[in-house]
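# Observations on the model geometry
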Amino acid sequence: MVCGKNCFTMWMNRKTDRIFLKTLNYVLNVLKFSPSTNVRTQSTRKPGPPRLSWRLLFFGTDQFAVESLKLLNLCSGILNVHPSLLPRWRGPAPVFHTVMHGDTVTGVTVIQILPNKFDVGPILNQEIHQVPKNCTAEDLGAALATKGAHLLLNTLMKLPEKIANKREQELKGVTFAPKINTSMSWINWEEQTCDQIACLCRAIGSRIPLRTVWMGKTIKLLDFVGKCYTSDERNPGSVYYDKDSNTLAVCCKDGWVAFRTVLLNKRLTAADFYNGYLNQTVKKNTSSKPAQGQFVSQKGRTEELQTNTWRGQKKQ
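Residues numbered from 1 in each chain as written. Predicted model: local features only at pLDDT ≥ 70, side-chain atom pairs only at ≥ 80, totals over all residues. Heavy atoms only, no water.

## Side note on the overall build of the protein
Counting secondary structure elements, the protein contains 9 helices and 13 strands. Sequence-distant contacts in the protein: of pairs separated by 6 or more residues, those separated by 24 or more amount to 69%. Working note: accessible area of the protein is about 16800 Å², and carbon and sulfur atoms make up 51% of it. (Helix = DSSP H or I, 4+ residues; strand = E, 2+ residues; numbered from the N terminus. Contact = heavy atoms within 4.5 Å. Areas by Shrake-Rupley, 256 points an atom, 1.4 Å probe, with all protein chains shown as cover.)

Rendered as structure tokens:
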């Protein structure tokens, strides 16, 4: 048997590590494995109905698991613990996409799979998890890792029953969760709403800063504050310095969002960016207008992101 926690690896910390090790210890005892050899110990028992012969217990990342499975002749079966309610968000980054797309409900799924075919097998066990408001991908991933450990233990304790009652994944509602990359961090001010930008920041902001273009140069937007309220009506991408909150306010599709810090050659506070760049640019144009500039969207990159993200839905 192979039990994978592939999608949870990035969320592991001391607390979740202890839970997985405790789970592993229980599993070894229940299935009568010898920890020193990873081979199931022989015991004398009365003849009876044939029992499932699980041959191996394995925990690893997606990349390591795939390469390892190529070398194994597994005839008993493979279990995978996946942090989403399959068939939604198949793929290597379900937690990021759950937060990125503002899902209010997610969960953990234990499935039976074949070697080299992940996230499409029959469901043995599944548990719903409500997504807390304004949670980050890190917070959600840690919570699902804990829930996944307990769900895996529950599945293994009742394995014959779970296998007998397994169900195939539905054909409807399939979405794909590709790995996160820098192309996802480009903001399209004309197309993305305040809520969408907030979700994007909570999903990937701690790993990949949000990006836009200022005067032909890439600028990274840091320390996201959230939606800000103003009566000004300007074009998407318009940016001005709000002295009261010491933030840069940027106009998007349906309102304004604010950031406290940017990275342009070096880390700059909102006031630093205003004094060194924004105010100087406006002065060159006209002295009668307030300190306002323009962030430019990278439309090609954001359109590519949307196409890749929803590829799974189009294949329904």
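## Topic: helix α4 (residues 137-157)
Turn by turn, an α-helix covers 3.6 residues, leaving residues three or four places apart pointing in a common direction. For α4, with 21 residues, the first-to-last C-alpha span of 30 Å sits near the 30 Å given by 1.5 Å per residue. With 15 of its 21 residues buried, α4 lies for the most part within the structure. (Expected span 1.5 Å × (residues − 1). Buried < 20%, exposed > 50% of the residue type's maximum accessible area, 1.4 Å probe, protein only.)

## Quick word on the state of the cysteines
Tallied over the full model, the rule gives 0 disulfides. Just so you know, C135 is unpaired, no disulfide at all, and the nearest cysteine sulfur is the one on C199, 9.3 Å from it. (Disulfide = S-S within 2.5 Å.)

## What to know about the packing of aromatic side chains
Enumeration over the complete set of coordinates arrives at 8 aromatic pairs. The interplanar angle of 85° and the centroid separation of 5.8 Å between the aromatic rings of W214 and F295 together place this pair among those described as edge-to-face. In this pair, W214 is assigned in strand β7 (residues 210-214) and F295 in the loop between β13 (292-294) and α8 (299-309), connecting sequence segments 81 residues apart. Under the relative-accessibility criterion, W214 is labelled buried at 3%. Given the relative accessible area of 1%, F295 is considered buried. (Phe/Tyr/Trp six-rings, centres within 6.5 Å; stacked < 30°, edge-to-face > 60°.)

## Some details on the confidence of the model for the protein
Residue-level pLDDT values for the protein average 79, and 66% of them are 70 or greater. Confidence, expressed as mean pLDDT per element, reaches its minimum in the protein at strand β3 (residues 39-40) with 38 and its maximum at helix α6 (residues 194-204) with 98. Counted against residues more than four places away or in other chains, residues 32-44, with its pLDDT under 50, gives 21 contacts. (pLDDT = per-residue confidence, 0-100.)

## What to know about the nonpolar core
Soluble globular proteins tend to pack their nonpolar side chains together in the buried interior. Counting residues in hydrophobic clusters, the biggest one holds 50 residues, and the most contacted among them are W189, I204, L210, F273 and F295. Setting aside residues no more than four positions away along its own chain, F295 makes contact with W189, T212, V213, W214, I219, L221, G237, V239, V250 and F273. L86, I111, I113 and I123 belong to the second-largest nonpolar core, a separate cluster that totals 5 residues. (Core = buried A, V, L, I, M, F, W, Y, C linked by side-chain atoms within 4.5 Å.)

## Notes on the pattern of salt bridges
Tallying each qualifying case throughout the model produces 4 salt bridges. With a shortest N-O distance of 3.4 Å, D223 and R267 are connected by a salt bridge. You can see D223 sitting in strand β8 (residues 217-228) and its partner R267 sitting in strand β12 (residues 266-269), a full 44 residues away along the chain. A residue is classified by how much of its surface remains accessible, and D223, at 39% relative accessible area, is partly exposed. Residue classification places R267 among the exposed positions, given a relative accessible area of 52%. (Salt bridge = Lys/Arg side-chain N within 4 Å of Asp/Glu carboxyl O.)

## With respect to the side chain of T109
Residue placement: T109 occurs in strand β5 (residues 105-113). The buried category is assigned to T109, whose relative accessible area is 0%. Separated by 2.6 Å, the side chain of T109 and the backbone oxygen of S84 make a polar contact. A polar atom in the side chain of T109 sits 2.8 Å from the side chain of Q126. If sequence neighbours within four positions are ignored, T109 has contacts with N80, V81, H82, S84, L85, L86, I123, N125, Q126 and L151. (Polar contact = N/O pair within 3.5 Å; in protein donor to acceptor, adjacent residues only side chain to side chain.)

## Quick word on unusual backbone geometry
The peptide bond linking L86 to P87 adopts the cis configuration, its omega dihedral lying at 15°. In this fold, P87 is placed in the loop between β4 (78-82) and α3 (94-100). Phi is positive for W89, close to 65°, though the residue is something other than glycine. If you trace the backbone, W89 turns up in the loop between β4 and α3. W89 sits in the buried class, given a relative accessible area of 1%. You will see that N265, though not glycine, has its phi angle at about 70°, which is positive. Structurally, N265 is set in the loop between β11 (256-264) and β12.

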